[in-house]
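# A closer look at the structure
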Amino acid sequence: MIYIETWKKILIVLVCVLSLIYSAPNLLDQATRDKMAQTMPGFVPHKAVNLGLDLQGGSHLLLKVELGDVLTQRADTLVQSLRPELREAKIGYTRIAPVPNGVRVSLRADADVDQVKSIMRKLDSDLTVLVSEDGKTVEGTLSEVAMKKIADQTLGQSIEIVRRRVDESGTREPVIARQGDDRIVLQLPGVDDPQRIKEILGRTAKLSFHMVDTGRSGTSLAEGGGTRTLPSADMPGVDITIFRQPILTGDMLTNAQPSFQQQGPAVSFNLNSVGARRFCDVTSKPENIGQPFAIVLDDVVISAPAIREPICGGAAQISGSFTVEETNDLALLLRAGALPAPLSVMEERTVGPSLGADSVAAGKTACLMALLFVIILSMAVYGLFGVFASVALLLNMVMIMAIMSVLQATLTLPGIAGIVLTIGLAVDANVLVFERMKEELRSGRSINSALDTAYRRALTTITDSNLTSLIAALVLFSFGTGPIKGFAVTMTIGIITSYFCSLALTRAMIVTWLHRVKPKSIPV
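Residues numbered from 1 in each chain as written. Predicted model: local features only at pLDDT ≥ 70, side-chain atom pairs only at ≥ 80, totals over all residues. Heavy atoms only, no water.

Under an unreviewed UniProt entry, the name given to the protein chain is Protein translocase subunit SecD, and the organism recorded is Micavibrio aeruginosavorus EPB. Under the heading Function (unreviewed entry), UniProt records this for the protein chain: "Part of the Sec protein translocase complex. Interacts with the SecYEG preprotein conducting channel. SecDF uses the proton motive force (PMF) to complete protein translocation after the ATP-dependent function of SecA." (UniProt positions renumbered as here; feature names shortened; annotations may be inferred.)

In structure tokens, the structure reads:
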């Protein structure tokens, strides 16, 4: 008599019950699930499968990361860093200027070339340093490997900042992925007007605090050596000259929230310990009392208040001519962090909800038809064992939905195709076992022996078949993008659940039936 250990029976029943429980939220509407999430304990299942852009409608944006700006900024930083180093080394030069992907220095004497090359390599080890034929011009440029490394870092940081900003805006389940060398795909399910998202992403949000050069304020639009001139947001048409070296930068903020003060809406923020100490040191110096400092956001002076007293609490406010919505967006941007490079929208598409609803309806019809035909065929060919296989098939579908709900995977139209394909794979294993059982019965084996031999000998074939399918699905997931990944996810989950259902669940049902009924012959 075939025997299945008690713990295995308990495990099979437990998996089936948990699958039913965790897939149940898919039968509820969004409002009910939201209410459950707010009122019920966290362990109560309330998550449903997320529908992709092609199933519920939404917006598709293709963003380009302006890597050229990053390289230009890197060259400017090299110039600013190289100038004091040359001055300290008492090296005479006639001109120092940024060049594409690097910096160029024209020297007064060629005897200083080796020392300048050493300083350049010390400032940036990725520089390739070349000397002109006359020996008086030294040029350092970034190598191809260094530029590729900068591009990868910039793209990775941009994706993370985009994800933070979109999450902060309240958008549910966005899809954010890299495409090519300098682009980001952003899919926003359920968002039919992406204008606000575009406005939020369109701002770099680089925040910094600088002391104002009061001796040169409003005198020139040209940038000086250690200073730069920026427009004022509070006073249109007026420019303010600030020192290049910032007192604080946006990465020292720990929190930012919209608030109100007497002049109107403002943004309150807190600094980390380093920022708070530095701000306290600067505002405590007697020579800075009464002097203005500029709050600069994306190269615009938001405000330039005067330092009245030391500010040592690590908390401050940004005030200006803000509306309430502007303070909300600014606080969001400061919390999410600054983009390392500007983003530009290369492509924008909107999928209507009606088109997505049609796709969902067509997908449901395809799944139901596939299930119906497979169940009818199984019962017609294998009788009662076909019923066992059909019950396992239905539970297989429940397990797929439960796992996708727990993982918060996104179901797309190709994902539905993957589920339909899984239905065929799930029955295939049972067909192999049942046909093998017929052969064993014809050879004169008893029912129990035929069943045991059929499962034992079919195990290798079923495992090989599922393993090869699983490898193909993993390859699709690793190298595919967007819809291909959705197909690979549902197929992978389906392969795992169908393997469990065919070799454990169906076998347990057949063995239980044999123990209870003790038939003289079996209906296959």
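### Here's the deal with helix α13 (residues 447-479)
Three or four residues apart is the spacing at which side chains of an α-helix point the same way, because the helix has 3.6 residues per turn. Taking 1.5 Å as the rise per residue, α13 with 33 residues should run 48 Å; its terminal C-alpha atoms sit 47 Å apart, in good agreement. For α13, the principal kink sits at Leu459 and spans about 40°. Listed in full, the buried residues belonging to α13 are Ile447, Ala450, Leu451, Thr453, Ala454, Tyr455, Ala458, Ile462, Asn466, Ser469 and Ala473. Tucked into the core, α13 has its buried residues touching α12 (413-442) and α14 (483-517). (Helix = DSSP H or I, 4+ residues; strand = E, 2+ residues; numbered from the N terminus. Expected span 1.5 Å × (residues − 1). Bend = angle between axes of the 7 residues up to and from the residue. Buried < 20%, exposed > 50% of the residue type's maximum accessible area, 1.4 Å probe, protein only. Contact = heavy atoms within 4.5 Å.)

### Quick notes on the sheet that holds strand β14 (residues 264-271)
Within the open sheet, the 3 strands sit side by side as β13-β14-β17. Their pairing is antiparallel. In this open sheet, the two edge strands, each paired with only one partner strand, are β13 (253-261) and β17 (315-319). Strand-to-strand twist in this sheet, taken as the mean axis angle between neighbours without regard to direction, amounts to 30°. The pairing of β14 with β17 spans 5 bridges and is antiparallel. By the bridge assignment, Ser268 is partnered in β17 with Gln317. (Pairing = 2+ DSSP bridges. Axes fitted to C-alpha atoms, helices over the stretch in contact; angles between N-to-C directions.)

### Observations regarding the pairing of strand β9 (residues 207-211)
Most of β9 sits out of view: 5 of its 5 residues are buried. The alternating pattern of β9 places Leu207, Phe209 and Met211 and Ser208 and His210 on opposite faces, both of which are buried. Taken together, the 5 bridges between β9 and strand β15 (residues 293-297) define a ladder with antiparallel strand orientation. Directly across from Leu207, in β15, lies its bridge partner Leu297. The pairing of β9 with strand β12 (residues 248-249) spans 2 bridges and is classified as antiparallel. Its bridge partner lying in β12, Ser208 is registered against Thr249.

### Topic: the pattern of salt bridges
Applying the stated criterion across every chain yields a total of 16 salt bridges. Where Glu439 meets Arg436, a salt bridge forms, and the shortest distance between an N and an O atom there is 3.8 Å. Taken as a pair, Glu439 and Arg436 lie in helix α12 at a separation of 3 residues, close to a single helical turn. For Glu439, a relative accessible area of 43% corresponds to the partly exposed category. Given the relative accessible area of 27%, Arg436 is considered partly exposed. Between Arg436 and Glu440 there is a salt bridge; the shortest N-O distance is 3.4 Å. Placement of both Arg436 and Glu440 in helix α12 is noted, with a separation of 4 residues, approximately one turn of the helix. On the basis of relative accessible area, Glu440 is assigned to the buried category, the value being 5%. (Salt bridge = Lys/Arg side-chain N within 4 Å of Asp/Glu carboxyl O.)

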